[in-house]
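In case you want the letters, here they are:
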Amino acid sequence: SQELEQSPQSLIVQEGKNLTINCTSSKTLYGLYWYKQKYGEGLIFLMMLQKGGEEKSHEKITAKLDEKKQQSSLHITASQPSHAGIYLCGAESLAILTGTASKLTFGTGTRLQVTL
Amino acid sequence: DVKVTQSSRYLVKRTGEKVFLECVQDMDHENMFWYRQDPGLGLRLIYFSYDVKMKEKGDIPEGYSVSREKKERFSLILESASTNQTSMYLCASSLVLPSGANVLTFGAGSRLTVL
């Protein structure tokens, strides 16, 4: 089965600083999803990447999928306390071109704290 | 907005008890999922369902069963709860978009403690 490794496991940054979280897959990624979880709550979808080299942004968060489609990075610019939480990457286990449901495997998460 | 509702936020049960975790979604999604989340292990898929009465095992189905009698409801059942099933349980639903994207919408979670 597909395994996703996230680094770092935890991160403490000062407000206003930039940071990057990485997600590395043991297999080719057909669809890579980034989610955020506030402590003790459910996950909120951030963005999805499908093509090698693709890059997407939402407010101050940018995610990229490398050309070989085995690694993704999530970059936060000028971090704010509202960015604190757990960031998880998730990957499809089947080619998304089939259009059928497939199980989503998640990484272990990166816990982000933003200090004032 | 899509809403996924989990019936209980917190439950405390005793070893050997039968436990039902209920999940309801209100957007006619085909697919529903049950995950458990544990520190250091991340989210692990227990079961998923892509249609009424259909179910597929995830990565850790042992000790669990599921029921999907209606499209909007997906229940997770612990036939005989054990202490190693103490965890946060997350339900999700999804619809596969024309682009192939399978975006999951999660409930708030149910934290189960088995004594």
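The present account deals with the structure reproduced in this document.

Some remarks on the environment of Thr110 of chain A
All names here are of chain A.
Part 1: Topologically, Thr110 is positioned in strand β11 (residues 110–115).
Part 2: It is 5.1 Å that separates the C-alpha atoms of Thr110 and Ser10, two residues lying 100 residues apart in sequence.
Part 3: Those residues within four positions of Thr110 in sequence are excluded, and the remaining contacts are Gln6, Ser7, Pro8, Gln9, Ile21, Gly85, Ile86 and Tyr87.

So, the sheet that holds strand β1 (residues 4–7) of chain A
Residues and elements named next belong to chain A.
Part 1: The strand order across the open sheet built from five strands is β1-β3-β8-β7-β6, with neighbouring strands paired in antiparallel fashion. Of all the strands in the sheet, the pair left with one neighbour each is β1 and β6 (55–58). Averaged over all pairs of adjacent strands, the angle between their axes in this sheet comes to 15°, without regard to strand direction.
Part 2: Across six bridges, strand β3 (residues 19–25) lies against strand β8 (residues 71–76) in antiparallel orientation. Bridge pairing links Leu19 to Ile76 in β8.

Re the state of the cysteines
Part 1: For the structure shown, the criterion picks out two disulfides over all chains.
Part 2: In this model Cys23 of chain A forms its disulfide with Cys89 of chain A; the gap between the sulfur atoms is 2.1 Å. Its S-S torsion of approximately 75° makes the covalent link between Cys23 of chain A and Cys89 of chain A right-handed. Remark: Cys89 of chain A occurs in strand β9 (residues 85–92) and Cys23 of chain A occurs in strand β3; sequence separation between them is 66 residues.
Part 3: The partner cysteine of Cys23 of chain B in its disulfide is Cys91 of chain B, sulfur to sulfur 1.9 Å. With the S-S dihedral at roughly -80°, the linkage between Cys23 of chain B and Cys91 of chain B falls on the left-handed side. Taken as a pair, Cys23 of chain B in strand β4 (residues 23–25) and Cys91 of chain B in strand β10 (residues 87–96) lie far apart in primary sequence, 68 residues in all.
Part 4: Looking at Cys91 of chain B, the relative accessible area reads 0%, which means it is buried.

What about the interface of chain A and chain B?
Part 1: Each side of the interface is counted separately: chain A has 22 residues, and chain B has 25 residues.
Part 2: Counting the contacts that link chain A with chain B gives zero salt bridges.
Part 3: Counting every contact that joins chain A to chain B gives four residue pairs in polar contact (both at pLDDT 80 or more).
Part 4: For the side of chain A that touches chain B, the secondary structure elements donating two or more residues are β4 (32–37), β5 (43–49), β9 and β10 (104–106) of chain A.

Structural notes on unusual backbone geometry
Part 1: In this chain, Ser7 of chain A is followed by Pro8 of chain A through a cis amide linkage whose omega measures -5°.
Part 2: The residue Pro8 of chain A is located in the loop between β1 and β2 (10–14) in this model.
Part 3: Positioned with a positive phi, Glu59 of chain A is a non-glycine residue whose angle comes to about 55°.
Part 4: Assignment of secondary structure puts Glu59 of chain A in the loop between β6 and β7 (61–65).
Part 5: Despite not being glycine, Asp28 of chain B has its phi angle at roughly 60°, a positive value.

Rules used in this analysis
- Residues numbered from 1 in each chain as written.
- Chains lettered and ligands numbered in written order.
- Predicted model: local features only at pLDDT ≥ 70, side-chain atom pairs only at ≥ 80, totals over all residues.
- Heavy atoms only, no water.
- Helix = DSSP H or I, 4+ residues; strand = E, 2+ residues; numbered from the N terminus.
- Contact = heavy atoms within 4.5 Å.
- Pairing = 2+ DSSP bridges.
- Axes fitted to C-alpha atoms, helices over the stretch in contact; angles between N-to-C directions.
- Disulfide = S-S within 2.5 Å.
- Buried < 20%, exposed > 50% of the residue type's maximum accessible area, 1.4 Å probe, protein only.
- Salt bridge = Lys/Arg side-chain N within 4 Å of Asp/Glu carboxyl O.
- Polar contact = N/O pair within 3.5 Å; in protein donor to acceptor, adjacent residues only side chain to side chain.

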